[in-house]
Amino acid sequence: MRTISPRAALHRAAGGFAAVGLLAACSLALGTPAQAAGPELVIGGPAATALHPYPASGSPRKSTAEVTVDNPSPNAGPGTFEGDFTVTFDLAGIAGIADAAFGETGGADCEVTGPTAVCRGHGLGPGRSTLAELDLSAAEGSRIGDSGTIRATGKSDGATFTDFSTEVVIGGPDLVMERLPLKQNLKPGETQPVPVTFTNNGTRAADGVLLTLMYTRGLDFIERYANCEYSEGEAGRGFLAGTTARCSVPGTYEAGATYRLGVPLSIEATEHAFHDTLVYRIDEDVPGRGAQRSAAGVTAGRGAALTLKEAATVRGVDLDPRDNQKEADFVTANSADFVAYGARARGAAGETVAATIGFRNKGPAWVGHPRSGEPVATVDFTVPEGASVTGSPAACRGMTADGRYRESRSGAPRYVCDTSMAVRDDADFALRFQLKIDKVVTGASGAVTVRTPRLAESPKLPFDPKPGNNTALLVLNSDNGDGGAGSTASGGASGSGSAGPATAGGSTGGSGATLNGSTTSGAATGGSTTAGSTTAGSTGGALASTGTGALPVAAGTAVALAAGGVLYATARRYPQRG
């Protein structure tokens, strides 16, 4: 039996942006764990799966339900459950409605025998893992509206499992978002209409729709409406958004009809725009989707609360959720000025001093690589003569003097520190180092340079029009008034430049680095700090305060449908598919 390795389960119901699993198209059904001494393993998967009706000719189309196992409790290994287990699927509830088989993806060995399927596996890492992919298709003789239930139970000597069930229904809506003819090369301040249009290519009407719009930092929608809710920050699944708007529009959206907004939304490339993304998605609006809109930080629109009428059939499933979503990328003619700052510090031989170096994005653009996920920039730091690094941020790695790999981080002559995949305008990439003064060398200095991560191609940042301020100095034991690195301060670090939120890497005061909204260990470690004094920054002023820094690149959304805004059917209709 194979050991199942942990990974985040990206449900096949997620549409578009597969690389980041932007939106789950159907809610995850999880059972309630039973109380037990061993680990409580949770079987999960889609709450419901819609199947295309059995065709008049040809083979039936398959839909996939990914079944997962969540190991939430740490165990030996650390966190790995090492035992054998069996998960049994009761398929009697879908007899005559759907046929089931197992796909190739998954960590368990699975086999279907009549009305029962059995999956056997060994070992479960911490977190959520894919158990198996259950391929489902409509059975011959089934009819639109037929539905049944698959139930799953688990068994192991060393753990307990929750029970899991998922509904299977024949037919349903198939909401297809049309791709918009958006202009993608823009200038700051430029606006354009976003005439969202979709078609229901399914077998029944959708009872209300949920329009989700996500756009990154450099985009903004001019309008905000009462029947939309807005949230800032991450879109989830590792993809970072500027704004997300979820807009509920009640009504009946018939199979075969095309709908669009009565008044197109207007999107603007703001002064911060550079490389940006817009994601637009349509789903049937059902009570289960309310959880997507109830997270902290959501701003509710003004107006009366929206209601959903009770559904008589299984709702919230789509025949082909892959076509519910579309994305558009934009390139705006803009620039970002990355300004490096150094520091100076003073200490006697044997003492350890702290220094904060890095760069600030003076804008006006934010810079991000949401598609590739590559870092935006790298800080390249050369250690001054007579000193050795005893503590460095987690974002940094030690190198040899000529830039080659070095196994140990401590005591390296050179350090390179990558940003995350996005650096927001006004971001401060602050990196706190601890340096031991091995020998006092008056005025010893090391360069602090912000450059491209790929040095072999070119060190110059392609978006930065002012390369002259990409380098600063860290000076130790200066013998003049400013040492080329700012004013002197005693008893701790003070910074330079205008105060702004610390972001995207490293930390001030030795705290964890803020990287796209998530905190990592950026504290300088090793060595003991003694009575040395240090001043950060090459331009003078106070050290930037900590706060939210590099904004994640993401498909975020701000938007909305006009209060009482109505979607209307166009003249074009599609034949109903049955």
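Every value quoted in this text rests on a predicted model; they were computed, and no experiment measured them.

## Here's the deal with the overall build of the chain
On a plain count of helices and strands, the chain comes out with 1 helix and 41 strands. Looking at the chain as a whole, 53% of its 578 residues qualify as buried. If you take every contact in the chain between residues at least 6 apart in sequence, the share linking residues at least 24 apart comes to 81%. With the model as given, the accessible surface of the chain reaches about 23,600 Å², and the carbon-plus-sulfur share is 51%.

## Structural notes on the sheet that holds strand S28 (residues 352-364)
Whether parallel or antiparallel, the strands of a sheet pair through hydrogen bonds between backbone atoms. Read across the open sheet, the 4 strands follow the order S26-S28-S35-S31; overall the sheet is antiparallel. Each having just a single partner strand, strand S26 (336-341) and strand S31 (387-391) make up the two edges of the open sheet. Put simply, the sheet's adjacent strands are angled 30° from each other on average, direction ignored. Two strands pair when backbone bridges link them, and S31 and strand S35 (residues 428-437) are joined in this way by 4 bridges, in the antiparallel orientation. Across the sheet, the residue bridging to Ser-388 is Lys-436, located in S35.

## Some thoughts on the pattern of salt bridges
Applying the stated criterion across every chain yields a total of 13 salt bridges. Between Asp-380 and Arg-451 there is a salt bridge; the shortest N-O distance is 3.0 Å. Taken together, the residues Asp-380 in strand S30 (residues 378-382) and Arg-451 in strand S36 (residues 444-451) connect sequence positions 71 residues apart. Taking relative accessible area as the criterion, Asp-380 reaches 8% and is therefore assigned buried. Taking relative accessible area as the criterion, Arg-451 reaches 8% and is therefore assigned buried.

## Observations concerning the state of the cysteines
Under the definition given, this model contains 3 disulfides. One disulfide bridge connects Cys-396 with Cys-417, the sulfur atoms lying 2.0 Å from each other. In this structure the cystine formed by Cys-396 and Cys-417 twists about its S-S bond by roughly 105°; its chirality is therefore right-handed. One end of the pair, Cys-396, is in strand S32 (residues 396-399); the other, Cys-417, is in strand S33 (residues 414-418), and 21 residues separate them in sequence. If the cysteines joined by disulfides in the chain are listed in sequence order, their pairing comes out as 1-2, 3-4, 5-6.

## Regarding the sheet that holds strand S19 (residues 219-221)
Strands sit in the order S16-S23-S19 across an open sheet of 3 strands; the sheet is antiparallel. Unpaired on one side and paired on the other, strand S16 (191-194) and S19 mark the two borders of the sheet. Across the sheet, the mean angle separating the axes of adjacent strands is 30° when strand polarity is ignored. In this structure, S19 lies alongside strand S23 (residues 265-269), joined through 3 bridges in antiparallel fashion. Paired with Leu-219 across the strands is Ala-269, a residue of S23.

## Section: the environment of Gly-93
Mapped onto the elements of the fold, Gly-93 is located in the loop between strand S6 (81-90) and strand S7 (98-102). Apart from residues lying up to four places away in sequence, Gly-93 is in contact with Gly-148 and Thr-149.

## Here's the deal with unusual backbone geometry
The amide bond that connects Gly-363 to the next residue, Pro-364, takes the cis arrangement and shows omega of 5°. Mapping Pro-364 onto the fold places it in strand S28. Positive phi values are uncommon outside glycine, yet Asp-426 reaches one of about 80°. Along the chain, the position of Asp-426 falls in the loop between strand S34 (422-423) and S35. For Asp-426, a relative accessible area of 35% corresponds to the partly exposed category. Despite not being glycine, Asn-477 has its phi angle at roughly 50°, a positive value. With respect to the secondary-structure elements, Asn-477 resides in the loop between strand S37 (471-476) and strand S38 (513-515).

## Comments concerning the environment of Thr-191
Mapped onto the elements of the fold, Thr-191 is located in strand S16. Among the residues examined, Thr-191 registers a relative accessible area of 41% and is labelled partly exposed. Placed 76 residues apart in sequence, Thr-191 and Ile-267 show a C-alpha to C-alpha distance of 5.4 Å.

## A word on the packing of aromatic side chains
Scanning the entire structure with this criterion turns up 12 aromatic pairs. Each ring, one from Phe-338 and one from Phe-359, has its centre 4.7 Å from the other, and the planes form 20°; the classification is stacked. Placement of the pair is Phe-338 in strand S26 and Phe-359 in strand S28, with a sequence separation of 21 residues. Considered together, Phe-338 and Phe-359 belong to a single accessibility category, that of buried residues. One aromatic cluster in this structure is built from Phe-274, Phe-338, Phe-359, Phe-429 and Phe-463.

## Comments concerning the pairing of strand S9 (residues 116-124)
Both faces of the sheet carry side chains from a regular strand, because those side chains alternate between them. Pairing geometry for S6 and S9, over 8 bridges, is antiparallel. Residue Asp-84 lies in a different strand from S9, and its bridge partner there is His-122. Once strand S8 (residues 109-113) ends, the chain turns through 2 residues before running back antiparallel as S9, passing Gly-114 with a positive phi of about 60°.

## A few points about the side chain of Ser-142
With respect to the helices and strands, the residue Ser-142 is situated in the loop between strand S10 (127-138) and strand S11 (147-155). A polar side-chain atom of Ser-142 sits 2.6 Å from the main-chain carbonyl oxygen of Ala-139. With residues near it in sequence (within four places) discarded, Ser-142 still touches Tyr-54, Gly-96, Ile-97 and Ile-170.

## Comments concerning the nonpolar core
Ranked by size, the top nonpolar core spans 37 residues in total, and within it Phe-338, Phe-381, Phe-433 and Leu-435 carry the most contacts. Here this core takes 5 residues from S35, the largest share from any one element. Sequence-distant contacts of Leu-435, defined by excluding residues within four places in its chain, comprise Glu-351, Thr-352, Val-353, Ala-355, Phe-381, Val-383, Pro-384, Ala-387, Ser-388, Val-389 and Thr-390. Listed in part, the 34 residues of the second largest apolar core include Val-196, Leu-213, Val-249 and Ile-282.

## Thoughts on the environment of Met-421
Mapped onto the elements, Met-421 comes out in the loop between S33 and S34. For Met-421, a relative accessible area of 13% corresponds to the buried category.

About the criteria used
- Residues numbered from 1 in each chain as written.
- Predicted model: local features only at pLDDT ≥ 70, side-chain atom pairs only at ≥ 80, totals over all residues.
- Heavy atoms only, no water.
- Helix = DSSP H or I, 4+ residues; strand = E, 2+ residues; numbered from the N terminus.
- Buried < 20%, exposed > 50% of the residue type's maximum accessible area, 1.4 Å probe, protein only.
- Contact = heavy atoms within 4.5 Å.
- Areas by Shrake-Rupley, 256 points an atom, 1.4 Å probe, with all protein chains shown as cover.
- Pairing = 2+ DSSP bridges.
- Axes fitted to C-alpha atoms, helices over the stretch in contact; angles between N-to-C directions.
- Salt bridge = Lys/Arg side-chain N within 4 Å of Asp/Glu carboxyl O.
- Disulfide = S-S within 2.5 Å.
- Phe/Tyr/Trp six-rings, centres within 6.5 Å; stacked < 30°, edge-to-face > 60°.
- Polar contact = N/O pair within 3.5 Å; in protein donor to acceptor, adjacent residues only side chain to side chain.
- Core = buried A, V, L, I, M, F, W, Y, C linked by side-chain atoms within 4.5 Å.

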